[in-house]
Structures are given as structure tokens and as C-alpha cells.
Amino acid sequence: MIINEPSNTELNLVIEAPYSLNYLIFIQNIYLNNDSKCENSNRLFPYLDSSKWGLLEQKKFSIKFNEVWNEVVHKNNKDQLYEHNGVLYDDSQLFKQLFESDSKGEVGFSESVKLFMSWWDEVFGKMAISRVYETEGSDIYNEFLKAIQSNQCTITNNRFNIDLIYDKNSIVKSTNTPSYYYIMPIQDLFFNRENIVPELLKCLD
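Because the structure is predicted, anything quoted here is derived from the model rather than measured. (Residues numbered from 1 in each chain as written. Predicted model: local features only at pLDDT ≥ 70, side-chain atom pairs only at ≥ 80, totals over all residues. Heavy atoms only, no water.)

On to the overall build of the chain. Scanning the chain for helices and strands turns up nine helices and four strands. Each helix and strand of the chain, placed in order from N terminus to C terminus, yields the pattern β-β-α-α-α-α-α-α-α-β-β-α-α. For a compact globule of 205 residues, the expected C-alpha radius of gyration is about 17 Å, and the chain comes in at 18 Å, within 12% of that figure. Here the C-alpha coordinates of the chain stretch approximately 55 × 35 × 30 Å along the principal axes. Here the chain holds 205 residues, and 48% of them are scored as buried. Intrachain contacts of the chain at a sequence separation of at least 6 include 69% that bridge at least 24 residues. Of the roughly 11,000 Å² of accessible surface on the chain, a fraction of 48% belongs to carbon and sulfur atoms. A distance of 6 Å separates the average location of the 19 positive side-chain charges in the chain from that of its 29 negative side-chain charges. (Helix = DSSP H or I, 4+ residues; strand = E, 2+ residues; numbered from the N terminus. Rg over C-alpha atoms; globule rule 2.2 N^0.38 Å. Buried < 20%, exposed > 50% of the residue type's maximum accessible area, 1.4 Å probe, protein only. Contact = heavy atoms within 4.5 Å. Areas by Shrake-Rupley, 256 points an atom, 1.4 Å probe, with all protein chains shown as cover. Lys, Arg positive; Asp, Glu negative; His and termini not counted. Charge placed at Lys NZ, Arg CZ, Asp CG, Glu CD.)

Below, the structure is given as C-alpha cells:
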């Protein structure tokens, strides 16, 4: 967790790299890599064969992924204690909805969580994503404060949450994102830097 706290305590910017949302991106990328429409040049991380995992078929998966994603966003925003390193097991019935409700799906879910945790819990997973933000996004807080002042925005909540995800969400086209909450793909720090603060301002409403 990284918290930027100004001297006047007007706004705290809280940065997280949540297990829940990053697991969903992990599953999304596996699904997209195994989609017959995906070109070899567009392979995403991780690239592996999930044909024995019992993921839902194409139309069902996209619909269910939207539902699960939005529910996780809601839970993350509503309850600060929801997100922790055991969330994939504690709320397993939610994440299992992306898999068939049979033994194949049970094994697929279990294997996917083990694979995800073996990466995300190591220095090249969650810690690496957080370090990238610390290095490349250290000025965002000050830029955000200046933009708030110059636009004379009214602050109604002293906590603003940013959840970092390791890749963009390519399935969910629109998320009913709560106020004072923003989901940032880490590559935005390199390829969409100029739009981050304007997007944060929109989340103050």
C-alpha cells in the first residue's frame, strides 16, 4: 500500500495492486490467448493452454466476466477489508462463475489460483507492479492536487483509491466505477500518462 498524504490532510491517495482484479485480468488474458480469433502477435501474459480448465465458452464467458468484474469493483470500494491475499479462496464462489460447474471447472479454478499466486506473491508480481508506480507515477499525486485546485473542485471524501492492474481490461467496455475510485492499467504510466489526471478528476463526481 502506498499512501500520499498532504500536510493539510485534504486528500489521501491510496494505491493498491489488488489480488482480486489482477486475478481477473490474469484469467481474461488466458481466455483471450486461447480464443481462435487471437493473433500470434497479440499474445498476452500469461500464455498457456487452458483447454482442460473448464473455462466458460465464449459468449457465456464475456457476459459472466462483466458481472464478476463489476461485483469485485463494488466489493473493493465498499469494504476496505475485502481485498487481501486470501480473497480468491474466501470469495471463491464468485470467481468460480468463470468456470463450468463440474469437476473440470473445479480443477481449472484451483489450478488457476495456484498459478496466479505463484507469480503474484513473488517479487516479479505484485511488488514489481507497485514499484513501477512508485518510480513512474510519483508525480501523479502533486499533479492531481494542482488540477483539483486549478479546477476549484470540491473534495467530499478525503480518501481516493487507485487500484493498479498489470494489463488493461479488454472485455469489460464500461464499468460502473464508484466516485473517488480509479482502476489504472500499469502501462498507462508509459503510454497514456497525459490522460491519467484528467481521468482522476472525472472520478471526483
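Turning to unusual backbone geometry, a few remarks are in order. Looking along the chain, the bond that leaves Phe 45 and enters Pro 46 is cis, with omega of 0°. By the secondary structure assignment, Pro 46 is in the loop between helix 1 (19-33) and helix 2 (58-78). Phi is positive for Gln 152, which is not a glycine, with a value near 50°. Relative to the elements of secondary structure, Gln 152 occurs in the loop between helix 7 (140-150) and strand 3 (159-165). Unusually for a residue other than glycine, Tyr 180 sits at a positive phi of about 60°. Inspection of the secondary structure puts Tyr 180 in the loop between strand 3 and strand 4 (181-185).

Here the focus is the packing of helix 1 against helix 5 (residues 103-120). Interaxial distance between helix 1 and helix 5 falls to 11 Å at its minimum, and their mutual angle equals 115°. Judged on the interaxial angle alone, helix 5 and helix 1 are roughly perpendicular. With respect to the hand of their crossing, helix 1 and helix 5 are arranged in right-handed fashion. Counted together, Tyr 19, Asn 22, Tyr 23, Phe 26 and Ile 27 of helix 1 and Phe 109, Ser 112, Val 113, Leu 115, Phe 116, Met 117, Trp 119 and Trp 120 of helix 5 form the full contact between these two elements. Of the residues belonging to the contact of helix 1 with helix 5, the class tally is eleven nonpolar, two polar and no charged. (Axes fitted to C-alpha atoms, helices over the stretch in contact; angles between N-to-C directions. Parallel < 35°, antiparallel > 145°, perpendicular 65-115°, else oblique. Left-handed = near helix turned anticlockwise from the far one by under 90°. Nonpolar A, V, L, I, M, F, W, Y, C, P; charged D, E, K, R; others polar.)

So, on to the layout of surface pockets. By volume, the second largest pocket amounts to about 240 Å³. In the lining of the second largest pocket, the residues fall into three nonpolar, six polar and three charged. (1 Å grid on protein atoms, 1.4 Å probe; cavity = no way out; pocket = protein on both sides within 12 Å on 5 of 7 lines; lining within 4 Å. Points joined across faces, edges and corners; volume = space filled by probe spheres on them.)

Close approach of charged atoms lets side chains of opposite charge pair. Per the stated rule, a full pass over the model turns up eight salt bridges. Here Glu 134 makes a salt bridge to Arg 131, at a shortest N to O gap of 3.3 Å. Here Glu 134 pairs with Arg 131, and both are found in helix 6 (residues 126-136), just three residues apart, close to one helical turn. (Salt bridge = Lys/Arg side-chain N within 4 Å of Asp/Glu carboxyl O.)

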